[in-house]
Amino acid sequence: MPRLLIVACASLWILAACGAEGENGNPDPTYQNQLFSGTARINAAKDGSSYQPGFSWIATGYRHVVCAVFKSPIHVKENQITNSDDVVWIWHTGLGTGREGNIRYSDGRPHPASSDAPAPLQDGVYYWGVWALNDAGHAVASSVEYTLNVP
Amino acid sequence: MKKLFPSLMSCIISAVVAQAAWADETFEKHQPAMDARTAADEQVVEILLAPLGAEGQEGESRGLIPMVTRLVQNTLSRVPAVKLTPPGKLPELDKRFVDFSALASMERLALIDLKNQTGLDGVIFVSWRWEEASFELALGLVDLRNGRVHLSRKFSEPFGAVLLSHIEEAIEGFAISIRRSIRVTIQVTSEPEGCEVFVNDQPVGKTPQTVELRTGTYRLRVEHEGYRPHLSTHDLSDGDRLELHAVLQNPLAARFLNAPPGLRVDSRELSAGYRYVFVNSDEPAWRHGHSLLLDGTLRINDWQAGLRFGFSAFESHQRLDTFLGQNEGDFVLQHNLIQLMALCLYPVWEKYSFAHLKLGAAAGLAWSSAKSAARSTDKWTGAADLFAQAEVRLLRSGNFGIDLLLSLGFSYLGELPYLEKTFSLFGEGEERVRNRHMFGPTGSAALQFKWYNDIF
């Protein structure tokens, strides 16, 4: 009888633990791979309005740093982003606007390249990330792929 | 006591004779096969053992005669190419010489005449007598070929094994000296050891080897697999002793070292140095080529031929246009260049071995590679050098010398592969393999180590 009671208690505890994870929903970001393999990690965050978000991360110090918002999940093959046509907004250090590690939406440009100010994002789900390249063009640091929900 | 003494002597003599017979058998067993093969060439020396005579105790002497006779017979039988002729074979000689010891006092010409009449080469005569307990023995050895008494000795010592061994040594030495006087000795040694020796195309064994042959002309051949055989012919007379040391050279060395002067290697040279090539390339950006050069050559008459090895490791930089602006990127490639070429030099001016001015050319293969952080590529191509070289002697010690080499010319380093990089906003840019011929004026400095042949 006591053995049966112990088994029942253990089963209930396991079920409760599983239920707690399921309620949380979001997977632990530490299990998500960075955009480019074998690179240093960049931890980034969005702030401000969902339609015109700003982005921030700990400055890398590299000269070639890029932050981009995609309208579909980011596809990477052999350390090269293959769906660059899905980019709706982009910022990079070559624009001369903002400050690496802390940029506003207005610091970026629509993509393909245009001198126009970027239009606010439409409702929908977007994907964004940050990466840095060295002078030889090799990816040396990157963030994971973040999701941006615009209500 | 006197009756016991001959019995004791008989025992001693029997033991010595038995030991001599055993030694004889052992000698024959260990004699190289060479002796058997050259038996046909042997000239036998005939020695007469004169009838043994004795003074004093005649009865006892008669008992000793067969023993001494056997001792002499056994001693002489151990010496190759010596034949003992018993006195009964020449009865007329017995009549002529009642006392063979008279031979020792005969004139030289009379002894030679005796040789001509009888064909004998030598005579051994032995006589002894008793004096109470002492024993006196006279040994006469007459060489009839040159008419001289070779040995005449008197032994006056107690009878026993020591005395018998002295007699044995004297007789054996006499027989050998007579035999050697009409034979030749050839002693062959070689480098390397263990070479096959042939006399008149007949194998006689391996070096070191000593053969005794009769007077004549002999063709000697000393050979070893992988080496050039040594050939020589010798005309040898009685008593000659030829000591031949044959140094065999391997075919490659023999081909050059023993060649007539036109093909003979005069010196061997090894040089190590630095080479600069002004490449002046934009893509990949490589202005100055620095490489290590190793040359190994042989000087054959006026020409110098050999191999050239070159090695160079360097970086090239490619400026990239990035989103920051033009030439903001820097793409670095690691290159390796290895050359292996046939080298040939010809002197256009020489001042003894102090200074030289030479024209040189080299042609061969080059392997070059380029490696970036992401990928690598390599390629085999041809390569060539054309140059003028000045050589000045720095040091000379015996057959060794050190020279300083300075050269100017033109180098074709081969077709160098490289990667052309495109800078991309979205990660790793494309790297395309490209090739470019690399060439330019060159200059080099090197130290040359020379080993001259003995002909200098």
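From a predicted model like this one, the values you see are computed outputs, not experimental measurements.

Cut-offs used in this document
- Residues numbered from 1 in each chain as written.
- Chains lettered and ligands numbered in written order.
- Predicted model: local features only at pLDDT ≥ 70, side-chain atom pairs only at ≥ 80, totals over all residues.
- Helix = DSSP H or I, 4+ residues; strand = E, 2+ residues; numbered from the N terminus.
- Buried ≥ 20, exposed ≤ 12 C-beta atoms within 10 Å, placed from the backbone.
- Contact = placed C-beta atoms within 7 Å.
- Pairing = 2+ DSSP bridges.
- Axes fitted to C-alpha atoms, helices over the stretch in contact; angles between N-to-C directions.
- Nonpolar A, V, L, I, M, F, W, Y, C, P; charged D, E, K, R; others polar.
- Core = buried A, V, L, I, M, F, W, Y, C linked by C-beta atoms within 7 Å.
- pLDDT = per-residue confidence, 0-100.

**Focus on the overall build of chain B**
Line of reasoning, step 1. Each helix and strand in chain B was counted, giving seven helices and 21 strands.
Line of reasoning, step 2. Relative to its full complement of 456 residues, chain B shows a buried share of 29%.
Line of reasoning, step 3. A sequence separation of at least 24 residues applies to 61% of the contacts in chain B between residues at least 6 apart.

**Some thoughts on the overall build of chain A**
Line of reasoning, step 1. The secondary structure content of chain A amounts to one helix and 12 strands.
Line of reasoning, step 2. Seen in sequence order, chain A has helices and strands lined up from the N terminus as α-β-β-β-β-β-β-β-β-β-β-β-β.
Line of reasoning, step 3. The buried share of chain A, taken over its 151 residues, is 25%.
Line of reasoning, step 4. Restricting the contact set of chain A to residue pairs at least 6 apart, pairs at least 24 apart contribute 55%.

**Quick look at the sheet that holds strand 2 (residues 44–48) of chain A**
Residue and element names in this part refer to chain A.
Line of reasoning, step 1. What the three strands build is an open sheet, ordered 2-3-8; its pairing is antiparallel. The sheet is open, and its two borders are formed by strand 2 and strand 8 (102–103), each paired with just one other strand.
Line of reasoning, step 2. The pairing of strand 2 with strand 3 (residues 53–57) spans five bridges and is classified as antiparallel. The residue bridging G48 from the neighbouring strand is P53, located in strand 3.

**With respect to the environment of Q122 of chain A**
Residues and elements named next belong to chain A.
Line of reasoning, step 1. Secondary-structure assignment places Q122 in the loop between strand 9 (109–110) and strand 10 (124–133).
Line of reasoning, step 2. A residue is classified by how many C-beta atoms lie within 10 Å of it, and Q122, with 10 of them, is exposed.
Line of reasoning, step 3. Once the C-alpha coordinates of Q122 and P151 are considered, the two residues, 29 residues apart in sequence, prove to be 8.6 Å apart.

**So, the sheet that holds strand 11 (residues 216–223) of chain B**
All names here are of chain B.
Line of reasoning, step 1. Taken in spatial order, the four strands line up as 9-8-11-12 in an open sheet, and their pairing is antiparallel. Two strands in the sheet have a free side with no partner beyond their single neighbour: strand 9 (202–206) and strand 12 (230–236). For this sheet, the mean inter-axis angle between neighbouring strands, taken without regard to orientation, is 25°.
Line of reasoning, step 2. Here seven bridges tie strand 11 to strand 12, and the two strands are oriented antiparallel to one another. Bridge pairing links R219 to T233 in strand 12.

**Brief notes about the environment of G88 of chain B**
Residues and elements named next belong to chain B.
Line of reasoning, step 1. With respect to the helices and strands, G88 occurs in the loop between strand 3 (82–85) and helix 4 (91–96).
Line of reasoning, step 2. The exposure class of G88 is exposed, given the 9 C-beta atoms found within 10 Å.
Line of reasoning, step 3. Sequence separation between G88 and L49 is 39 residues; the distance between their C-alpha atoms is 9.9 Å.

**Focus: unusual backbone geometry**
All names here are of chain B.
Line of reasoning, step 1. For the bond from T207 to P208, the omega torsion is -5°, close enough to zero to count as cis.
Line of reasoning, step 2. Summarising the element assignment, P208 is placed in the loop between strand 9 and strand 10 (209–214).
Line of reasoning, step 3. Cis geometry marks the peptide bond from E283 to P284, where omega comes out at -10°.
Line of reasoning, step 4. Among the structural elements, P284 can be located in the loop between strand 14 (265–281) and strand 15 (286–300).
Line of reasoning, step 5. Although it is not a glycine, N200 sits at a positive phi angle of roughly 50°.
Line of reasoning, step 6. Examined against the element boundaries, N200 turns out to sit in the loop between strand 8 (196–199) and strand 9.
Line of reasoning, step 7. On the basis of neighbour count, N200 is assigned to the partly exposed category, with 15 C-beta atoms found within 10 Å.
Line of reasoning, step 8. The phi dihedral of D201 is positive, around 70°, even though this residue is not glycine.
Line of reasoning, step 9. Residue classification places D201 among the exposed positions, given that 7 C-beta atoms sit within 10 Å.

**Re the interface of chain A and chain B**
Line of reasoning, step 1. Taken together, the contacts link 18 residues of chain A with 18 residues of chain B.
Line of reasoning, step 2. For the side of chain A that touches chain B, the elements supplying multiple residues, two or more each, are strand 4 (64–70) and strand 6 (80–81) of chain A.
Line of reasoning, step 3. When grouped by side-chain class, the residues that make up the side of chain A that touches chain B number six nonpolar, nine polar and three charged.

**Description of the nonpolar core**
Generally speaking, soluble globular proteins have nonpolar side chains that are buried together.
Line of reasoning, step 1. Among the nonpolar cores identified, the biggest contains 31 residues, and I47, V123, I124 and A175 of chain B are the most heavily contacted of them.
Line of reasoning, step 2. Ranked by the residues each element gives to this core, the list is headed by helix 6 (residues 161–181) of chain B, at five residues.
Line of reasoning, step 3. Ignoring sequence-local partners within four residues, the contact set of A175 of chain B consists of I47, L76, V79 and V82 of chain B.
Line of reasoning, step 4. By size, the runner-up hydrophobic cluster in this structure holds 28 residues, among which are L35, F55, V69 and A139 of chain A.

**A few points about the confidence of the model for chain B**
Residues and elements named next belong to chain B.
Line of reasoning, step 1. Confidence along chain B averages 79 in pLDDT terms, with 78% of residues attaining 70 or more.
Line of reasoning, step 2. The least confident element of chain B, judged by mean pLDDT, is helix 2 (residues 33–37) at 32; the most confident is strand 18 (residues 355–371) at 95.
Line of reasoning, step 3. Segment residues 1–42: pLDDT under 50, and 39 contacts once partners within four positions in sequence are set aside and those in other chains are kept.

**Observations regarding the pairing of strand 14 of chain B**
All names here are of chain B.
Line of reasoning, step 1. The sheet contact formed by strand 14 and strand 15 spans 14 bridges and is antiparallel. Counterpart to G273 in the pairing with strand 15 is L293.
Line of reasoning, step 2. The hairpin formed by strand 14 and strand 15 contains four residues between the paired strands.
Line of reasoning, step 3. Looking at chain direction, strand 14 and strand 21 (residues 431–452) are connected through 11 bridges and run antiparallel. From the neighbouring strand, Y276 faces strand 21, where its bridge partner is G443.

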